[in-house]
Amino acid sequence: MNPMIKHIEVAISQLDVQEAPKGSNWGEPVQSYLKSVGITFPASWCMAFVYWCCKEAYGKENKLFKTGGVLKQWQSVNPKHKFKTPLPGDIFIQDHGKGLGHTGFVEKVQGDQIFTIEGNTNDTGSREGYEVCRRFRKISSCIGFIRIV
């Protein structure tokens, strides 16, 4: 991993953070992630986690749209930041249908897989999990990648 990718360093610092209680989409610091995108109630927080990490890393230079919605982010981000092939540091976007998505950071690309750091997941790979952890996913499971550096 490139040590110059600040948002990945921030994401790594959050590994093992969990909701309190588990399954609640709440508790600190999950509430801080949600608050960073203006959400003040328990909600799915994978996009809020990504936004918060980028805000911590880049402050006002954060290139992401302020939203807790994965697909809203994909639709709103500047098209020059959208890619079909992932690189370390990218933000992966998944579309699960009916307006539901999942996101996180690409830490490494190997063959047809990405190794990720994600919020609102768990060791079984749920998109409605309870913690920040490392996962791996097929590149083909993503509709695209957002590159902000």
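Caption draft 1: The arrangement of the sheet that holds strand β5 (residues 131-138) in detail. Here we have six strands laid out as an open sheet, ordered β1-β6-β2-β3-β4-β5, and antiparallel in their pairing. What marks the edges here is a single partner per strand, and that holds for β1 (82-83) and β5. With seven bridges joining them, strand β4 (residues 113-121) and β5 adopt antiparallel strand pairing. Each bridged residue has a counterpart across the sheet, and for Ile117 the counterpart in β5 is Arg134.

Caption draft 2: Representation of helix α3 (residues 46-58) in the model. Helix length check: α3 (13 residues) gives 18 Å between terminal C-alpha atoms against 18 Å at 1.5 Å per residue, within 8%. Where burial is concerned, most of α3 is hidden: ten out of the 13 residues are buried. Within the span of α3, buried status applies to Cys46, Met47, Ala48, Phe49, Val50, Tyr51, Trp52, Cys53, Cys54 and Ala57. Positioned one or two residues after α3, Gly59 has a phi angle of 55°, which is positive.

Caption draft 3: Representation of the environment of Cys46 in the model. Within the secondary structure, Cys46 is located in helix α3. On the accessibility criterion, Cys46 (5% relative accessible area) is buried. Through-space distance from the C-alpha of Cys46 to that of Gly99 is 14 Å; in sequence the pair is 53 residues apart. If near-sequence neighbours (up to four positions away) are discounted, Cys46 is found in contact with Val70, Gly101, His102, Thr103, Gly119 and Asn120.

Caption draft 4: Broad picture of the pattern of salt bridges. Under the criterion given, the structure shown has four salt bridges. Residue Arg147 is joined to Asp90 by a salt bridge in which the shortest nitrogen-to-oxygen separation is 2.8 Å. Of this pair, Arg147 sits in the segment after β6 (144-146) while Asp90 sits in the loop between β1 and β2 (91-97), and the two are 57 residues apart along the sequence. Given the relative accessible area of 15%, Arg147 is considered buried. Arg134 is paired through a salt bridge with Glu107; the nearest N and O atoms lie 2.8 Å apart.

Caption draft 5: Structural detail: the nonpolar core. If you look at the biggest cluster of nonpolar residues, it comprises 34 residues, and the most contacted ones within it are Tyr33, Trp45, Phe49, Leu64, Ile91, Phe105 and Ile146. Of all the elements in the fold, those that place two or more residues in this core are α1 (6-13), α2 (30-36), α3, α4 (70-76) and β2. Considering every element that reaches this core, the biggest residue donor is α3, with ten residues. Those residues within four positions of Phe49 in sequence are excluded, and the remaining contacts are Ala11, Gln14, Tyr33, Phe105, Ile117, Glu118, Gly119 and Val132.

About the cut-offs
- Residues numbered from 1 in each chain as written.
- Predicted model: local features only at pLDDT ≥ 70, side-chain atom pairs only at ≥ 80, totals over all residues.
- Heavy atoms only, no water.
- Pairing = 2+ DSSP bridges.
- Helix = DSSP H or I, 4+ residues; strand = E, 2+ residues; numbered from the N terminus.
- Expected span 1.5 Å × (residues − 1).
- Buried < 20%, exposed > 50% of the residue type's maximum accessible area, 1.4 Å probe, protein only.
- Contact = heavy atoms within 4.5 Å.
- Salt bridge = Lys/Arg side-chain N within 4 Å of Asp/Glu carboxyl O.
- Core = buried A, V, L, I, M, F, W, Y, C linked by side-chain atoms within 4.5 Å.

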